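Geometric and topological summary
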Amino acid sequence: MTSIDPYSNPRRGGFHIRHGAERQPPSPRVDDEHRSLQQPPVGADSVSARTTPCRACGGGGRAVLDAPQYTAHPKHKRNTHELQQQRILASYGLSRQLPDSDRPEIVFSGRSNVGKSSLINKLCNRKKLARVSATPGKTATINFYRVDTAYFVDLPGYGYAKVSNAERERWDDLINSYFEADRAVCLLVQLLDSRHAPSADDVQMLEYLHYHRIPFVAALTKGDKLKKSEMAARKEEFEKICAPYGCQGVVLTSAENGLGMDELRALLEASMTPETED
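Here the structure is a predicted model, which means the values were calculated and not measured. Per-chain numbering applies: the sequence of each chain, read as written, is numbered from 1 onward. Two thresholds apply to this predicted model, a pLDDT of at least 70 for residue-level local features and 80 or more for giving and counting side-chain atom pairs, whereas whole-chain, interface and lining totals are computed over all residues. Think of the side-chain values as coming from all heavy atoms in the structure, minus any hydrogens and water.

What to know about the overall build of the chain
The test is simple: Secondary structure elements follow DSSP: runs of H or I of four or more residues count as helices, runs of E of two or more count as strands, with numbering from the N terminus. The classification of residues rests on relative accessible area computed with a 1.4 Å probe and restricted to protein chains. Under 20% of the type maximum is buried, over 50% is exposed, and intermediate values are partly exposed. In this description, contact between two residues means that some pair of their heavy atoms is separated by no more than 4.5 Å.
Of regular secondary structure, the chain possesses 5 helices and 7 strands. Ordered by position in the sequence, the α and β elements of the chain form the string β-β-α-β-β-α-β-α-β-α-β-α. Classification of the 278 residues of the chain by burial places 51% in the buried group. In the chain, once contacts between residues fewer than 6 apart in sequence are set aside, the share between residues at least 24 apart is 74%.

Structural notes on the packing of aromatic side chains
For the record, the criterion: When two rings of Phe, Tyr or Trp (its six-membered ring) have centres within 6.5 Å they constitute a pair, described as stacked for plane angles under 30 degrees, edge-to-face for angles over 60, and tilted for the intermediate range.
Within this structure, the stated rule accounts for 5 aromatic pairs. Relative to Y151, the ring of F144 lies with its centre 5.7 Å away and its plane at 80 degrees, an arrangement referred to as edge-to-face. Under the relative-accessibility criterion, F144 is labelled buried at 0%. Judged by relative accessible area, which is 1%, Y151 ranks as buried. Connected via pairs of aromatic rings, a cluster forms that spans Y92, F144 and Y151.

Structural notes on the pairing of strand β6 (residues 216–221)
Our working definition: Here, a strand pair is defined by DSSP locating no fewer than two bridges between the strands. Handedness of a crossover: with both strands directed away from the viewer, a clockwise path from the first strand across the helix to the second marks it as right-handed.
Across the 6 residues of β6, 6 count as buried, placing the element largely inside the fold. Pairing geometry for strand β5 (residues 185–193) and β6, over 6 bridges, is parallel. By the bridge assignment, Q190 is partnered in β6 with A218. Each parallel crossover has a hand, and the one from β5 via helix α3 (residues 200–211) to β6 is right-handed. Across 3 bridges, the pairing between β6 and strand β7 (residues 250–252) is parallel. Residue pairing in the sheet places A219 in a bridge with V251 of β7. The parallel pair β6 and β7 is bridged by helix α4 (residues 228–242), and the resulting crossover is right-handed.

Some points on α3
To keep things clear, this is the line we draw: Working rule for helices: expected span equals 1.5 Å times residues minus one.
With 12 residues, α3 should cover 16 Å at 1.5 Å per step; its first-to-last C-alpha distance of 16 Å lies within 8% of that length. Counting buried residues in α3 gives 9 out of 12 residues, a clear majority hidden from the surface. Within the sequence span of α3, burial applies to D201, D202, V203, Q204, M205, L206, E207, Y208 and L209.

With respect to unusual backbone geometry
For D148, which is not glycine, the phi dihedral falls at a positive 55 degrees. By the secondary structure assignment, D148 is in the loop between β3 (142–147) and β4 (150–154).

What about the nonpolar core?
General note: in soluble globular proteins, nonpolar side chains tend to be found buried as a group. Selection criterion: To form a nonpolar core, buried Ala, Val, Leu, Ile, Met, Phe, Trp, Tyr and Cys residues must be joined to one another through side-chain atoms within 4.5 Å.
If you look at the biggest cluster of nonpolar residues, it comprises 32 residues, and the most contacted ones within it are V107, I142, F144, V153, L155, Y178 and F179. Elements represented by at least two residues in this core include exactly β3, β4, α2 (165–180), β5, α3, β6, α4 and β7. In terms of residue count, α3 provides more of this core than any other element does, 5 residues in total. Counting residues in hydrophobic clusters, the runner-up holds 23 residues, among them I106, L191, L264 and L268.

Section: the state of the cysteines
What counts here: To count as a disulfide, a pair of cysteine sulfur atoms needs to be within 2.5 Å.
Summed over the entire model, instances satisfying the criterion amount to 0 disulfides. Distance from the sulfur of C247, which forms no disulfide, to the nearest cysteine sulfur (C242) is 4.8 Å. Its relative accessible area of 17% is what places C247 among the buried residues.

In structure tokens form, the structure reads like this:
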């Protein structure tokens, strides 16, 4: 794999990131029973505090994107790594359609055809929860899945060249608007193909996550395609690549044989588990 300078200039690619967008006061909270999805988010607050009540519960406070992990309310703590209840909630193609954030959210990001849908299905032990498309760039919406007491949020795959400029701009606005809104993001899972060095678009996304201090882990997909003798070295190389961007962990995974799924589920659980005070 080719070495990458983590502090090189931002790349331009399939995802045009908006840096320094003006942030608005947080939107009104929804009821404690987490029933309402009617009111769209207004905007996000500034990133300043390192601890906060759970925004998914309406506790207020400020974002915790610079903290080691999102500080969730105890009611969101789960006791096992098994994801028991899953269902598709809705798909949104325009930023104004995005629902209010009423529970913890785990976000999945990656280039087209990196295997996001397959990974989500394997994590949930479902074959058809997330639709797997054979055509790169087919997913042009943000898909919300209800998984136990959280949402899995599947972002459109970036980096696919065969789309119109208008469609690309819509994707850009959709993704940027999601991150600029006041959402209860616990963790982002950035998918990277374990067989290849990160693309220019992958590096741009890593820069975006680092710039906005969004907590994330890297899931290396298609690990079953590697030789066993290559696995440890490949993971170590990705750890060195991702560390300067604030990556909290690298997991080698396979949606084919389940490699790394327990480890990744544990990281997702930990991101929604409240920190205990000494």
